[in-house]
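# Observations on the model geometry
Each chain, written out:
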Amino acid sequence: MSTKVKGTILGIVSAVSYGTNPLGALYLYREGLNSSSVLFYRFLFAVIILAGIMWAQHQSFKLSRKELKTLATLGILFAVSSLTFYTSFHYLDAGIAATILFVYPIMVAVIMALFFKERLSGVTVFSILLALSGIALLYRGGSSVGLNTTGVVLVLVSALTYALYMVVVNRSSIVMSSIKLTFYVLLVCMTAIALQASLGSHTPLQPLTTPRMWFFSIMLALVPTVISLVTMTQAVHAIGSTPTAIMGALEPLTAVVVGVTIFGEAFTLRLGMGIFMILVAVLLIIASKAIPVHKVATVIGHALRSVPLHRR
């Protein structure tokens, strides 16, 4: 098997496995667990698994004071992103929530342009408008009453905090393996979720009382967390970050399939169009990092000219 084929398979596995987040979360909600408890056990078991991997690879657990500060910031951002995303499942269909979350690469591009003087290209502006149009379609796509505003806000906060997480990782001078970084980020996440649960009277940590709870908690830690992380890292090394990121479009598509086929979530043509527009917008952002802007514009122009006039 060639390196390119192997890397492509690993990228697909990473994206699809991350897209199974709603599968474990929604089943645990049905078992009676709240969002804080679901995330706490997801992070707890993931930390145990990652610690085992680090121990087997003889990686050092030592941290400098500077590294600890950066990892604490990353952990808090990731905890907020995860908590708002998982809470949004109470208000939105999981597939729609996962699709809206996927706008985070566009938010990264905007943050880098506003605060780090990176040029905001025409492709980026077009992608922003396309993504906003897609969200507008989603907002009225499921029923006559539209999407729940609280749910949409929660997902957008999740996307923003994850975008900030990506920016901090990109701009910090921290150097360590991805497994070690994720181990400490999730350790901070677990601690932050436990603290939040202890202070909130409506979201106390609940025990795992059934085999089903244990199974789906471990599944969340293993599949969309550890397996997704490891295969993503291997894919980036094999084929590069841009192709791996493009295959990340399979994440929300997987969540949509899980929601529709397993949990009976609604799917309409309008929703499909909204999801498609958001995915295209994000893929344009990712592709423009590797392909010259004028080539991207040429492809878009050819695509538009190929559409019959009576269908425009």
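Residues numbered from 1 in each chain as written. Predicted model: local features only at pLDDT ≥ 70, side-chain atom pairs only at ≥ 80, totals over all residues. Heavy atoms only, no water.

## Here's the deal with the overall build of the protein
We count it as follows: Labels follow the DSSP assignment, with helices taken as runs of H or I lasting at least four residues and strands as runs of E lasting at least two, numbered in each case from the N terminus. A contact between two residues is defined here by any heavy atoms of the two lying within 4.5 Å. Every accessible area reported is derived by Shrake-Rupley at a probe size of 1.4 Å, with residue values counting cover from the shown protein chains alone.
A tally of helices and strands in the protein yields 14 helices and zero strands. Along the protein, helices and strands appear, N-terminal first, in the series α-α-α-α-α-α-α-α-α-α-α-α-α-α. A sequence separation of at least 24 residues applies to 86% of the contacts in the protein between residues at least 6 apart. Total accessible area on the protein stands at roughly 15,500 Å², and carbon and sulfur atoms take up 69% of it.

## Details of the pattern of salt bridges
In a structure, side chains of opposite charge can pair up when their charged atoms sit close to one another. Rules: What counts as a salt bridge is simple: a side-chain nitrogen of Lys or Arg found within 4 Å of a carboxyl oxygen of Asp or Glu. The buried label goes to any residue with under 20% of its type's maximum accessible area, the exposed label to any with over 50%, and the partly exposed label to all in between, with areas taken from a 1.4 Å probe on protein chains only.
What the rule picks out here adds up to one salt bridge. When the shortest N-O distance is used, the salt bridge between E31 and R212 registers 3.2 Å. Here R212 lies in helix α10 (residues 211-239) and E31 lies in the loop between α2 (21-30) and α3 (35-56), a separation of 181 residues in the sequence. Residue classification places E31 among the partly exposed positions, given a relative accessible area of 28%.

## Some points on the packing of aromatic side chains
Note the threshold: Two aromatic rings from Phe, Tyr or Trp, using only the six-membered ring of Trp, form a pair when their centres are within 6.5 Å; if the ring planes differ by under 30 degrees the pair is stacked, by over 60 it is edge-to-face, and anything between is tilted.
Counted under the stated rule, the structure contains 17 aromatic pairs. Relative to Y165, the ring of F78 has its centre 5.4 Å away and its plane inclined at 55 degrees; by these criteria the two rings are tilted. With F78 in helix α4 (residues 65-88) and Y165 in helix α8 (residues 149-171), this residue pair connects regions lying 87 residues apart in the sequence. Note on accessibility: F78 and Y165 belong to one class, buried.

## A short note on the nonpolar core
Looking at soluble globular proteins, one finds that nonpolar side chains tend to be buried together. Quick note on the threshold: Grouping buried Ala, Val, Leu, Ile, Met, Phe, Trp, Tyr and Cys residues that are joined through side-chain atoms within 4.5 Å yields what is termed a nonpolar core.
By size, the foremost hydrophobic cluster in this structure holds 87 residues, and its most contacted members are Y86 and F89. Residues within four places of F89 in sequence aside, it is in contact with P22, A25, L26, Y29, A94 and A97.

## What to know about helix α5 (residues 94-101)
Counting buried positions along α5 gives eight out of eight residues, so the element sits mostly inside the fold. Buried residues of α5: A94, G95, I96, A97, A98, T99, I100 and L101, and no others.

## Here we look at the side chain of K180
Mapped onto the secondary structure, K180 falls in helix α9 (residues 178-199). In contact with K180, not counting residues within four places along its chain, are M54, Q59, S60, F61, K62 and L63.

## Overview of the environment of A136
Here A136 lies in helix α7 (residues 122-139). A sequence separation of eleven residues divides A136 from L147, and the C-alpha atoms of the two residues are 9.8 Å apart.

## Overview of unusual backbone geometry
Backbone geometry places H58, a non-glycine residue, at a positive phi of 60 degrees. As for its position among the elements, H58 is in the loop between α3 and α4. Given a relative accessible area of 72%, H58 falls into the exposed group.

## Some remarks on the packing of helix α1 (residues 3-18) against helix α12 (residues 250-263)
What counts is decided by this rule: Axes here refer to lines fitted to C-alpha atoms; in helices the fit is confined to the stretch in contact. Angles between the N-to-C directions go from 0 to 180 degrees. Angle categories: roughly parallel below 35 degrees, roughly antiparallel above 145, roughly perpendicular from 65 to 115, and oblique for all the rest. In this scheme the crossing of two helices becomes right-handed for a clockwise turn of the near helix relative to the far one and left-handed for an anticlockwise turn of less than a right angle. Nonpolar residues are Ala, Val, Leu, Ile, Met, Phe, Trp, Tyr, Cys and Pro. Charged residues are Asp, Glu, Lys and Arg, and all others, Gly as well, are polar.
At a minimum axis distance of 7 Å, the contact between α1 and α12 shows a crossing angle of 45 degrees. In this view, α1 runs oblique relative to α12, as classed from their interaxial angle. Here the hand of the crossing between α1 and α12 comes out right-handed. In this structure, α1 contributes I12, A15, V16 and Y18 to the contact, and α12 contributes L250, E251 and T254. Broken down by class, the residue content of the contact of α1 with α12 amounts to five nonpolar, one polar and one charged.

## Describing a nonpolar patch on the surface
Definition in use: Without a salt bridge and with relative accessible area above 30%, a residue can belong to a patch; like charges are then joined within 9 Å and nonpolar side chains (Val, Leu, Ile, Met, Phe, Trp, Tyr) within 5 Å.
A cluster of nonpolar side chains, M1, V5, I9, V13, W214, I218, L222 and I227, forms an exposed patch at the surface whose accessible area comes to about 710 Å². Broken down by secondary-structure element, the contributors of at least two residues to the nonpolar patch are α1 and α10. Assignment of secondary structure puts L222 in helix α10. Owing to a relative accessible area of 35%, L222 belongs among the partly exposed residues under this scheme.

## Overview of α9
This is how the line gets drawn: Multiplying one less than the number of residues by 1.5 Å gives the expected span of a helix.
Taking 1.5 Å per residue as the helical rise, α9 with its 22 residues ought to reach 32 Å, and the 31 Å between its terminal C-alpha atoms agrees with that figure. Among the residues making up α9, those that are buried are I179, K180, L181, T182, F183, Y184, V185, L186, C189, M190, I193 and A197.

## What to know about the confidence of the model for the protein
Put simply, the rule reads: pLDDT measures the predictor's confidence residue by residue and takes values from 0 up to 100.
A residue-level look at the protein finds 89% of positions with pLDDT of 70 or above and a mean pLDDT of 84. Per-element confidence in the protein ranges from a low mean pLDDT of 51 for helix α14 (residues 293-305) to a high of 96 for α3. Counted against residues more than four places away or in other chains, residues 306-312, with its pLDDT under 50, gives three contacts.

## As for the packing of α3 against α9
Two numbers describe how α3 lies on α9: the axes approach to 9 Å, and their chain directions differ by 150 degrees. Of the possible angle classes, the one that applies to α3 and α9 is roughly antiparallel. When you trace α3 past α9, the crossing you get is left-handed. For the pair α3 and α9, contact is made by S36, L39, F40, F43, L44, A46, V47, L50, A51, I53 and M54 and by I179, K180, T182, F183, L186, L187, C189, M190, I193, A194, Q196 and A197, respectively. For the contact of α3 with α9, a count of residues per class yields 19 nonpolar, three polar and one charged.

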